[in-house]
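Below are the chains, spelled out letter by letter.
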Amino acid sequence: MIENVIKKLPEKLKQLVVYKSYKPGQIILKQDDCFRNVCWVKSGMLKAFHLTEKGQEFLVAVFGEKETLGEIEYFTGNKNFASVEALTDCELILIPENVFKVLIHLDAAFNEYVTTTICDRLSIISMRTIETNYYSLDFLVSKFLLNESVRLAGSSFVVSKKDIANYFATNIRSINRILKRYADIEIISIQNRTITINSFEKLKEIMINEQN
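Remember, it's a predicted structure, so these values are computed and weren't measured experimentally. (Residues numbered from 1 in each chain as written. Predicted model: local features only at pLDDT ≥ 70, side-chain atom pairs only at ≥ 80, totals over all residues. Heavy atoms only, no water.)

Peer 1: How do you make sense of the state of the cysteines when you look at a structure like this?
Peer 2: Any covalent bond linking the sulfur atoms of two cysteines counts as a disulfide. Using the criterion set out here, one finds 0 disulfides in the structure. Among the cysteines around C39, which has no disulfide bond, C90 carries the closest sulfur, lying 11 Å off. Taking relative accessible area as the criterion, C39 reaches 1% and is therefore assigned buried. (Disulfide = S-S within 2.5 Å. Buried < 20%, exposed > 50% of the residue type's maximum accessible area, 1.4 Å probe, protein only.)

Structure representation (structure tokens):
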């Protein structure tokens, strides 16, 4: 989508759009830095994380192909809320503020896509806040794995146990215990930081049972 919209730009604005590659572990955006670009994920996976004043890392989200970063800061004018780190080899399209402004006015479908993305993200954050207070960790983890597979359009995705623990503000031992149990009964497979869902039905069954 984004590259087709970029083609509609005047030549002088096209030249301001940057295609950039990143390796795993590279920091793409830094928390509290001034907003510079909206980023479109052309390929790869990234994570956004917020560091609290006490130095605790809180996983905000994992991003994959065709997702955007920085659009909330564009609309609010705030500094970056989170740092963004590459989890895999990534290719991003970096769109400066003035170019992004033209893009969202140039193409109605792209404008709607960006707006929907923001609303979906805020909805997920709100629901997570509620569920973290009322449901078991088994429910939270099973739902997280299912949601990520749908959102990232694949049965395998990169996320560490530490990141999942930070996502739910819990300890890594609890997450490790749950994931090991799922792996032992072959619901999932884990290799390094890659989690593969082997049985969506069994994972859904766990989520439903823990919800009731």
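Peer 1: How should I be thinking about the sheet that holds strand 11 (residues 194-197) in this particular structure?
Peer 2: Across a sheet, strands are paired by hydrogen bonds formed along the backbone, either parallel or antiparallel in direction. Strand order in the open sheet made by the 3 strands is 9-11-10, with antiparallel pairing throughout. Edge positions in the open sheet fall to strand 9 (156-158) and strand 10 (188-191), since each of these has one partner strand only. Between one strand and the next, the sheet's axes are offset by a mean angle of 20°, whatever the strand orientation. Seen against the sheet, helix 6 (residues 137-151) touches strand 9, strand 10 and strand 11 and runs at an angle of roughly 90° to strand 11. (Pairing = 2+ DSSP bridges. Helix = DSSP H or I, 4+ residues; strand = E, 2+ residues; numbered from the N terminus. Axes fitted to C-alpha atoms, helices over the stretch in contact; angles between N-to-C directions. Contact = heavy atoms within 4.5 Å.)

Peer 1: Can you walk me through the packing of aromatic side chains in this structure?
Peer 2: Each aromatic ring pair is characterised by the separation of its centres together with the angle its planes make. Taken as a whole and judged by the stated rule, the model has 10 aromatic pairs. With centroids separated by 6.4 Å and ring planes inclined at 45°, the aromatic side chains of W40 and F110 adopt a geometry described as tilted. With W40 in strand 3 (residues 37-43) and F110 in helix 5 (residues 108-134), the pair connects residues that are 70 residues apart, well separated along the chain. Judged by its relative accessible area of 1%, F110 is buried. An aromatic cluster is defined as three or more aromatic residues linked by ring pairs; in this entry it consists of F35, W40, Y74, F75, F100, F110 and Y113. The aromatic ring of F49 is capped on one face by K47, whose charged end is 5.2 Å from the ring centroid. The lysine or arginine in question, R128, covers the ring of Y167, its NZ or CZ lying 3.7 Å from the ring centre. (Phe/Tyr/Trp six-rings, centres within 6.5 Å; stacked < 30°, edge-to-face > 60°. Lys NZ or Arg CZ within 6 Å of the ring centre and 35° of its normal.)

Peer 1: I would appreciate a short explanation of the side chain of S83 in the present structure.
Peer 2: Following the sequence through the fold, S83 ends up in strand 7 (residues 83-86). Take S83: its relative accessible area is 10%, and that puts it in the buried class. For S83, the side chain forms a polar contact with the main-chain nitrogen of Q31, separated by 2.9 Å. (Polar contact = N/O pair within 3.5 Å; in protein donor to acceptor, adjacent residues only side chain to side chain.)

Peer 1: I would appreciate a short explanation of the environment of I28 in the present structure.
Peer 2: Structurally, the position occupied by I28 is in strand 2 (residues 27-29). Along the primary structure I28 and I188 are separated by 160 residues, whereas in three dimensions their C-alpha atoms are 30 Å apart. Once you skip the residues sitting within four places of it in the chain, I28 turns out to touch Y22, L46, V84, E85, A86 and L92.

Any functional reading would require information beyond the geometric quantities listed.
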